Amino acid sequence: MISIKSAREIKLMRAAGKLAAECLQEMLAMVKPGAIPLEIDKACYEWTKARGAVPAPLNYHGFPNSLCVSVNHVVCHGIPTDRPFQDGDIVNLDVTPILNGYHGDTNATVIVGSVPDRVVELVDTAKEGMWRGIRAVKPGATLGDIGHAIQTFVEKKNFSVVVDYCGHGIGREFHEDPMVVHVGKPGRGHVLREGMTFTIEPMVNMGTSETVLDKIDGWTVYTADGQLSAQFEHTLLVTTYGVEVLTTLDA
Ligand code: MF3
Ligand code: CO
Ligand code: CO
């Protein structure tokens, strides 16, 4: 069942979304050559707690840390390690504070130092793919319209879209209905209605869209071919005429 948020819940979602955006900005500022993922994890925990919020990833189905750090060929759900970032890495940070019972979920990928042009293109394509999906959101549009907008853009650039992991409804729960698949056909799938809140978070791969799950930690998702993957995420609200980005700083 897809929940429709009340006016009161929307206010709470806006506050959680803004906090998530601020948290992501603060944590991304720490990504530099030599910086250590586990130190960013600690900073995320302290930063979130100091603002009266809770990091949703921590202990979520047993996840061990306060944010996900997904480097290079890690698609998503990377567990922060003690391996310092290096020149040429691409690094995704994914944060989700819970404020007054509501979740804000956002992520972004940044480039450490210098990378080949095609890698810059990968990161830019993931970001623009997310925005193409966001611009498809309005009452009466469908989830298929969102997936189609993302898929056609990404595939035209000769990258691939991950289908094993999706966006999701969000609110009191971290992951609610519906599943927001980042590929699709126009007019297919659930119809969007004013008051729905969900994420769009396409993972875009350099090579195959296939993924593999780390057998030992049970969390880290890798590209099946070991090539790079980039991702961006925002939490969204369907409004009367279109869409509002909740995880933005200028809200
Ligand atoms: N933030 C991720 C998402 O966008 C989910 C992370 S679940 C965790 O849906 F347990 F790995 F943190
Ligand atoms: Co999400
Ligand atoms: Co997320």
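These numbers come from a predicted model, not from an experiment.

A.B. asks: Can you break down the sheet that holds strand 1 (residues 54–55) residue by residue, with the values?
C.D. replies: An order of 1-5-6 is seen for the three strands of this open sheet, with the pairing classed as antiparallel. Of all the strands in the sheet, the pair left with one neighbour each is strand 1 and strand 6 (102–103). Sheet topology note: the strand 1/strand 5 (residues 97–99) ladder contains two bridges and is antiparallel. Looking at the pairing, Val54 lines up with Ile98 of strand 5.

A.B. asks: Go over the side chain of Asp94 with me, naming the residues and quoting the values.
C.D. replies: Tracing the sequence through the fold places Asp94 in strand 4 (residues 90–95). Nearest to the buried, unbridged Asp94 among oppositely charged side chains is Lys127, at 15 Å. At a separation of 3.2 Å, a polar atom in the side chain of Asp94 contacts the side chain of Asn107. With residues up to four places along the chain from it excluded, the contact list for Asp94 reads Leu67, Cys68, Asp105, Thr106, Asn107, Glu201 and Glu233.

A.B. asks: Can you tell me about the coordination of the cobalt ion (ligand 3), naming the residues and giving the values?
C.D. replies: Ligation of the cobalt ion (ligand 3) by protein atoms is provided by Asp94 (OD), Asp94 (OD), Asp105 (OD) and Glu233 (OE), these donors lying 2.1 to 2.4 Å from the ion. For the cobalt ion (ligand 3), the six donor atoms in the first shell make angles of 58 to 168° at the metal, a pattern classed as irregular. Going along the chain, you hit the donors of the cobalt ion (ligand 3) in the pattern D-x10-D-x127-E. The cobalt ion (ligand 2) is placed at 3.3 Å from the cobalt ion (ligand 3), the two being bridged by Asp105. Placement of Asp94 in strand 4 and of Asp105 in the loop between strand 6 and strand 7 (106–111) is noted, with a sequence separation of 11 residues between them. Across this residue pair, the class does not change: Asp94 and Asp105 are buried.

Analysis parameters
- Residues numbered from 1 in each chain as written.
- Chains lettered and ligands numbered in written order.
- Predicted model: local features only at pLDDT ≥ 70, side-chain atom pairs only at ≥ 80, totals over all residues.
- Heavy atoms only, no water.
- Pairing = 2+ DSSP bridges.
- Helix = DSSP H or I, 4+ residues; strand = E, 2+ residues; numbered from the N terminus.
- Buried < 20%, exposed > 50% of the residue type's maximum accessible area, 1.4 Å probe, protein only.
- Lys, Arg positive; Asp, Glu negative; His and termini not counted.
- Salt bridge = Lys/Arg side-chain N within 4 Å of Asp/Glu carboxyl O.
- Polar contact = N/O pair within 3.5 Å; in protein donor to acceptor, adjacent residues only side chain to side chain.
- Contact = heavy atoms within 4.5 Å.
- Donors = N, O, S within 2.8 Å, 3.2 Å for Na, K, Ca; no water.
- Tetrahedral: all angles 85-135°; square planar, octahedral: opposite > 155°, others 65-115°.

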